[in-house]
Amino acid sequence: MTLASIPLAGVIGDPIAHSKSPVLHGHWLRSLGLPGHYVPLEVKADDLGDVLKAMPKMGFVGCNVTIPHKERVMQFVDQITDRATLIGAVNTLIFREDGSILGDNTDGYGFIENLKQNAKEWDPKGGPAVVLGAGGAARAVVASLLDAGAPEILLTNRTRVRSDNLRDDFGARVKVVEWVQAGNIVEQAHTLVNTTSLGMTGKSELRVPLDGLRAETLVTDLVYTPLRTALLETASAKGCVTVDGVGMLLHQAVPGFERWFGKRPTVDLATRRAVLA
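About the cut-offs
- Residues numbered from 1 in each chain as written.
- Predicted model: local features only at pLDDT ≥ 70, side-chain atom pairs only at ≥ 80, totals over all residues.
- Heavy atoms only, no water.
- UniProt positions renumbered as here; feature names shortened; annotations may be inferred.
- Helix = DSSP H or I, 4+ residues; strand = E, 2+ residues; numbered from the N terminus.
- Contact = heavy atoms within 4.5 Å.
- Polar contact = N/O pair within 3.5 Å; in protein donor to acceptor, adjacent residues only side chain to side chain.
- Pairing = 2+ DSSP bridges.
- Axes fitted to C-alpha atoms, helices over the stretch in contact; angles between N-to-C directions.
- Salt bridge = Lys/Arg side-chain N within 4 Å of Asp/Glu carboxyl O.
- Buried < 20%, exposed > 50% of the residue type's maximum accessible area, 1.4 Å probe, protein only.
- Parallel < 35°, antiparallel > 145°, perpendicular 65-115°, else oblique.
- Left-handed = near helix turned anticlockwise from the far one by under 90°.
- Nonpolar A, V, L, I, M, F, W, Y, C, P; charged D, E, K, R; others polar.

**Some remarks on the UniProt feature "binding site: shikimate" (unreviewed entry) in the protein**
Right, on to step 1. UniProt records the feature "binding site: shikimate" (unreviewed entry) at Ser19, Lys20, Ser21, Thr66, Asn91, Asp107, Tyr224 and Gln252, using the numbering of this structure.
Right, on to step 2. Tracing the chain through its elements places Ser19 in the loop between β1 (8–13) and α1 (21–32).
Right, on to step 3. Inspection of the secondary structure assignment puts Asn91 in the loop between α3 (82–87) and β5 (92–95).
Right, on to step 4. Excluding anything up to four places from it in sequence, Asn91 contacts Cys63, Asn64, Val65, Lys70, Asp104, Asn105, Thr106, Asp107 and Gln252.
Right, on to step 5. Engagement of the side chain of Asn91 in a polar contact is seen with the backbone nitrogen of Thr106, the distance being 2.9 Å.

Structural data, given as structure tokens:
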């Protein structure tokens with residue numbers, strides 16, 4: 001294999017130094033014995049179009065896209081998958097041999113696969129899902145929960161208009177609840193998901209009352225710094241099955257890696273340890 005034929009992939013964002021994706025993909029490349037490189041690329045918004053045009057010529061087969069480019073990148077791709085269109089954001093790009101760019105969103109896939117792997121008894125059809133937050137991550141979570149058969153989504157966000165917009169896009173199975181009433185719907189949750197940054201290191205605490213949380217509720221937090229958030233600790237103390245957010249990061253990376261490097265990686269304990277090291 002010549003140097004020129006070694007596939008390149010990476011992650012585009014601004015800033016990008018914090019991204020764990022290079023560690024994750026590097027681990028998979030080494031463990032699978034595959035040629036290839038995955039690099040972090042700090043790209044300013046004004047340069048996004050030019051960078052994407054140049055990358056295939058440099059040997060890139062695709063890339064991940066992270067904050068703040070997930071929505072803006074959609075104007076530079078030739079085709080967008082249905083799930084990315086529904087979510088309104090792209091996190092995975094495939095540079096095809098005909099010169100076109102395919103945009104996908106694997107966040108919802110990663111969310112569901114994380115729960116399947118770490119809460120094997122969980123059935124999304126078992127009852128309502130309460131989703132805290134209405135940003136881009138929430139849109140991916142709502143889309144995946146509806147697709148998995150959740151009968152109802154109770155959605156609450158600090159800014160009501162974002163919740164209303166999300167409901168308008170996803171339909172009648174999504175019901176909006178005022179943020180001040182969030183504690184009152186927790187007791188109805190079969191699944192409880194925090195998609196906000198509340199509870200993250202350096203951010204404000206998540207102050208939703210959890211008095212009514214039932215032991216049979218599955219609780220998951222997309223925040224993974226800290227790995228065990230106050231939400232997960234409280235839920236665990238009440239007897240709930242809890243799932244941390246790092247698994248979503250791992251699983252959402254699987255489809256892109258397979259498309260770029262030709263082998264499907266496994267999300268296992270070694271993968272998790274590599275990313276958390």
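Alright, that's what it looks like, and here's the rest.
**What about the sheet that holds strand β4 (residues 79–80)?**
Right, on to step 1. Across the sheet, which stays open at both edges, the six strands sit in the order β2-β1-β3-β5-β6-β4 with mixed pairing between neighbours. One side of each edge strand has no neighbouring strand; the edge strands of this open sheet are β2 (37–42) and β4.
Right, on to step 2. Against the sheet, α1 engages β1, β2 and β3 (60–65), with an angle of about 170 degrees to β2.
Right, on to step 3. Lying on the sheet, helix α10 (residues 254–261) is in contact with β1, β2, β3, β5 and β6 (101–104); it crosses β5 at an angle near 10 degrees.

**Quick look at the UniProt feature "domain: SDH C-terminal" (unreviewed entry) in the protein**
Right, on to step 1. With numbering aligned to this structure, UniProt lists the feature "domain: SDH C-terminal" (unreviewed entry) at residues 245–268.
Right, on to step 2. Counting secondary structure, residues 245–268 comes out at 62% helix and 0% strand; the distance between its end C-alpha atoms is 15 Å.

**Let's talk about the pattern of salt bridges**
Right, on to step 1. Counting across every chain of the model gives 16 salt bridges.
Right, on to step 2. Put simply, Lys44 and Glu42 hold a salt bridge, and the shortest N to O gap is 3.8 Å.
Right, on to step 3. Among the residues examined, Lys44 registers a relative accessible area of 44% and is labelled partly exposed.
Right, on to step 4. One salt bridge connects Arg83 with Asp104, and the closest N-O pair in it is separated by 2.7 Å. With Arg83 in helix α3 and Asp104 in strand β6, this residue pair connects regions lying 21 residues apart in the sequence.
Right, on to step 5. A residue is classified by how much of its surface remains accessible, and Arg83, at 34% relative accessible area, is partly exposed.
Right, on to step 6. The exposure class of Asp104 is buried, given its relative accessible area of 10%.

**Some points on the side chain of Asp104**
Right, on to step 1. Here the side chain of Asp104 touches Arg83 through a polar contact of 2.7 Å, side chain to side chain.
Right, on to step 2. Among all residues touching Asp104, those that are not within four sequence positions of it are Thr81, Arg83, Ala84, Val90, Asn91 and Thr92.

**Focus on the sheet that holds strand β10 (residues 191–194)**
Right, on to step 1. Spatial strand order, β9-β8-β7-β10-β11-β12: six strands in an open sheet with parallel pairing. At either end of the open sheet lies a strand with only one pairing partner, and these are β9 (174–176) and β12 (241–243). In this sheet, adjacent strand axes meet at a mean angle of 20 degrees when their direction is disregarded.
Right, on to step 2. Two strands pair when backbone bridges link them, and strand β8 (residues 153–156) and β9 are joined in this way by three bridges, in the parallel orientation. From the neighbouring strand, Leu155 faces β9, where its bridge partner is Val176.
Right, on to step 3. Most of the contacts of helix α5 (residues 136–148) go to strand β7 (residues 129–132), to which it runs at about 170 degrees, and overall it touches β7, β8, β9 and β10.
Right, on to step 4. The sheet contacts of helix α6 (residues 160–170) involve β8 and β9, and relative to β9 the element is tilted by about 160 degrees.

**Considerations on the packing of helix α4 (residues 107–118) against α5**
Right, on to step 1. Running from amino to carboxyl end, α4 crosses α5 at an angle of 60 degrees, the nearest separation of the two axes being 8 Å. The angle between α4 and α5 places the two elements in the oblique class. As α4 packs across α5, the resulting crossing turns out to be right-handed. Contacts from Asp107, Gly108, Phe111 and Ile112 of α4 reach α5 at Ala140, Val141, Ser144, Leu145 and Ala148.
Right, on to step 2. A breakdown of the residues in the contact of α4 with α5 according to their chemical character gives six nonpolar, two polar and one charged.

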